[in-house]
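# Structural characterization, general
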Amino acid sequence: MPEQLVLTEPERPVRPPATRRRVRSVEVLAAILLAALALRVVIGEVMGGTPVLQSWTTVFVSIAVQAVPFVVLGTLLSAAITVFVPPSFFAKALPRHPVLAVPVAGAAGAVLPGCECASVPVAGALVRRGVTPAAALAFLLSAPAINPVVLVSTGVAFGGDLKMVGARLAASLVTAVLMGWLWLRLGKEDWLRLPRGHEHHEGGKFAGFLAAARHDMTQAGGFLAIGALTAATLNVTVPPEWLRAVADNPVLSVLALAGLAVILSICSEADAFVAASLTEFSWTAKLAFLVVGPMIDIKLFAMQIGSFGRQFAFRFAPATFVVAVLVSVAVGALLW
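Quick caveat, the model's predicted, so the values are computed rather than measured. (Residues numbered from 1 in each chain as written. Predicted model: local features only at pLDDT ≥ 70, side-chain atom pairs only at ≥ 80, totals over all residues. Heavy atoms only, no water.)

### Focus on the nonpolar core
Put simply, the test is: Residue types Ala, Val, Leu, Ile, Met, Phe, Trp, Tyr and Cys, when buried and joined through side-chain atoms within 4.5 Å, form a set referred to as a nonpolar core. Per-residue accessibility, obtained with a 1.4 Å probe over protein chains only, is compared with the maximum for each type, and a residue is labelled buried under 20%, exposed over 50%, and partly exposed between these values. Any two residues whose heavy atoms approach within 4.5 Å are treated as being in contact.
Core analysis: the biggest nonpolar cluster contains 64 residues, and W183, F289, V292 and F312 have the highest contact counts within it. Ignoring sequence-local partners within four residues, the contact set of W183 consists of P133, A134, L137, K188, W191, L192, F312 and F316. Listed in part, the 13 residues of the second largest apolar core include A105, A125, L126 and A143.

### Considerations on the environment of T279
This is how it is decided: Secondary structure is summarised from DSSP: a helix means a run of H or I of at least four residues, a strand means a run of E of at least two, and numbering begins at the N terminus for each.
Its location among the elements puts T279 in the loop between α12 (271-277) and α13 (283-292). Look at T279 and you get exposed, because its relative accessible area is 60%. With 32 residues separating them along the chain, T279 and A247 place their C-alpha atoms 9.5 Å apart.

### Digging into the pattern of salt bridges
A side chain with one charge may pair with a side chain of the opposite charge, provided their charged atoms come close. Threshold: One side-chain nitrogen of Lys or Arg within 4 Å of one carboxyl oxygen of Asp or Glu is enough to make a salt bridge.
With the rule as written, the count across this model stands at two salt bridges. Between K299 and D297 there is a salt bridge, with its nearest N and O atoms 3.1 Å apart. Each of the two residues, K299 as well as D297, counts as buried.

### Looking at a nonpolar patch on the surface
We apply this condition: The residues that make up patches have over 30% relative accessible area and no salt bridge, and they are joined within 9 Å when like-charged or within 5 Å when they are Val, Leu, Ile, Met, Phe, Trp or Tyr. Each accessible area value is a Shrake-Rupley result obtained with a 1.4 Å probe; residue values ignore everything except the protein chains displayed when judging cover.
A surface patch of nonpolar side chains, about 470 Å² in accessible area, is lined by V99, L100, V174, L178, W181 and L184. Every element with two or more residues in the nonpolar patch is listed here: α4 (98-108) and α8 (162-186). Ranked by residues supplied to the nonpolar patch, first place goes to α8 with four residues. In this fold, V174 is placed in helix α8.

### Remarks on the packing of α13 against helix α15 (residues 310-335)
Defined as follows: Lines fitted to the C-alpha atoms define the axes, with helices restricted to the stretch that makes contact. Angles between their N-to-C directions range from 0 to 180 degrees. The handedness criterion is simple: a crossing whose near helix is rotated anticlockwise from the far helix by less than a right angle is left-handed, and one whose near helix is rotated clockwise is right-handed.
Relative to each other, α13 and α15 sit at 145°, their axes nearing to 9 Å. In the crossing of α13 with α15, the sense of the turn from one axis to the other is right-handed. Between α13, through T284, L287, A288, V291 and V292, and α15, the contact on the second element is made entirely by F321, A324, V325, S328, V329, V331 and G332.

### Digging into α15
Stated formally: By this rule, a helix spans an expected 1.5 Å times one less than how many residues it contains.
For α15, built from 26 residues, the straight-helix expectation of 38 Å at 1.5 Å per residue is met to within 8% by its first-to-last C-alpha distance of 37 Å. Buried within α15 we find F312, A313, F316, A317, T320, V323, A324, V325, V327, S328, V331 and G332. Those residues of α15 that are buried lie in contact with α6 (133-146), α8, α11 (250-264), α13 and α14 (298-308).

### Quick notes on the environment of W336
Here W336 is to be found in the segment after α15. A sequence separation of 52 residues divides W336 from T284, and the C-alpha atoms of the two residues are 7.5 Å apart. Not counting residues within four places of it along the chain, the set of residues in contact with W336 comprises K163, M164, A167, W283, T284 and L287.

### What about the environment of G180?
Looking at the element boundaries, G180 is found in helix α8. The class for G180 is buried, based on a relative accessible area of 0%. Placed 79 residues apart in sequence, G180 and A101 show a C-alpha to C-alpha distance of 9.4 Å. Every residue in contact with G180, bar those within four places of it in the chain, is listed here: V102 and A134.

### Topic: the side chain of T284
Counting through the fold element by element, T284 comes out in helix α13. If we ignore the near neighbours within four places in the chain, the residues touching T284 are V254, S328, V329, G332 and W336.

### So, the packing of aromatic side chains
Selection rule: To pair, rings of Phe, Tyr and Trp, with the six-membered ring standing in for Trp, must have centres within 6.5 Å; the planes then decide the type, stacked if under 30 degrees apart, edge-to-face if over 60, and tilted in the middle. Here, a charge over a ring is recorded when the distance from Lys NZ or Arg CZ to the ring centre is within 6 Å and its angle to the ring normal is within 35 degrees.
On inspection of all chains with the given rule, the structure shows ten aromatic pairs. Ring centres of F312 and F316 lie 4.8 Å apart, and the angle between their planes is 20°; this geometry places the pair in the stacked category. Here F312 and its partner F316 are both found in helix α15, four residues apart, which amounts to about one turn of the helix. Overall, F316 belongs to the buried group, its relative accessible area being 3%. The rings of W183, W191, F308, F312 and F316 are connected pair by pair, giving a single aromatic cluster. Positioned above the aromatic ring of W283, the side-chain terminus of K286 is 5.0 Å from the ring centre.

### Some words on α11
We apply this condition: Side-chain atoms alone can form a polar contact between residues adjacent in sequence; in general such a contact is a pair of N or O atoms within 3.5 Å, and within protein one must be able to donate a hydrogen while the other accepts it.
Given a rise of 1.5 Å per residue, 15 residues ought to cover 21 Å, and the 21 Å separating the end C-alpha atoms of α11 matches this to within 8%. Restricting attention to buried positions, one finds in α11 the residues S253, V254, A256, L257, A258, L260, A261, V262, I263 and L264. Where α11 begins, the capping side chain belongs to N249, and its oxygen is found 3.0 Å from the backbone nitrogen of V251. Where α11 ends, the next residue or the one after it, S265, has phi of about 55°, a positive value.

### A word on the packing of α8 against α15
What counts here: For classification, angles of less than 35 degrees are called roughly parallel, those exceeding 145 degrees roughly antiparallel, those between 65 and 115 degrees roughly perpendicular, and all remaining angles oblique. Polar here means any residue outside two lists: the nonpolar Ala, Val, Leu, Ile, Met, Phe, Trp, Tyr, Cys and Pro, and the charged Asp, Glu, Lys and Arg; Gly therefore counts as polar.
For the pair α8 and α15, interaxial distance at closest approach is 9 Å and the crossing angle is 140°. On the basis of the axis angle, α8 is oblique to α15. When you trace α8 past α15, the crossing you get is right-handed. The residues of α15 that touch α8, namely those facing K163, A167, A171, V174, T175, L178, M179, L182 and W183, are F312, F316, A319, T320, V323, A324, V327, V331 and L335. Its residues assigned to classes, the contact of α8 with α15 shows 15 nonpolar, two polar and one charged.

Here it is, written out as structure tokens:
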């Protein structure tokens, strides 16, 4: 019996799964950014008579737009550290003794021109590469507050007042180092969930870099959105009268601005302009605002949970707040 000729359609090229995931990630990120930018316009037109909703969308979009570029910067740096930098580099760059490694890592935060959104994934990459967690945490706290971009913006915001620039540099660095030493002394390994890494990839180092960046960006971006939503909600529910009522009290004014820094969740490149506008408050209270904000705010707290776990964040964040406030008061008492 003669064989029958079976016609088949030509096979279509199948896109590799990793490529499909990369395309979907880019499409989703672009859609989120476009939706965030359009949200304020749409709600402003539909709910024109509701100032609270307009304020809420303004705060949410502002936080998202300010933070997303630095999230991208941080995840790219994190992926580059994970894939391209050999572990031996960090062993040579930092002192072997953890007590000495903490201040060196804290001072190294001055070289990263990014905000707290970038420092979280970078600190996670440092831990994955063998850096002692205490040193990585000191870097995490110092980088957003003492890098050149932040210090220059602080000087511009305060009309070239170098005293405020020096106060922010000193208070932030001392807080970061103290927190690193505090974790070294009291921290436990089971409190810190090590971030997942991408040490190997079948497609080579570049493919591993893309996989690591995609993983960190998805995680950091998700928790950033949660933090921005919470910050926007709290921002519109705090009555302005409360701030004016406590401005004249030395203790309450410091606590009020420190708490406001946590709620507002402003990127460290812009927070000095907000602090300078709070003319009712003392210089020490403004310093507390500038020191606390880059180290612990709502979006950063959410990102720390996503990167290092709840047990870490619920211990480290309150301790950071207390130490930052105390150091700010001490520095302020010496200068003003």
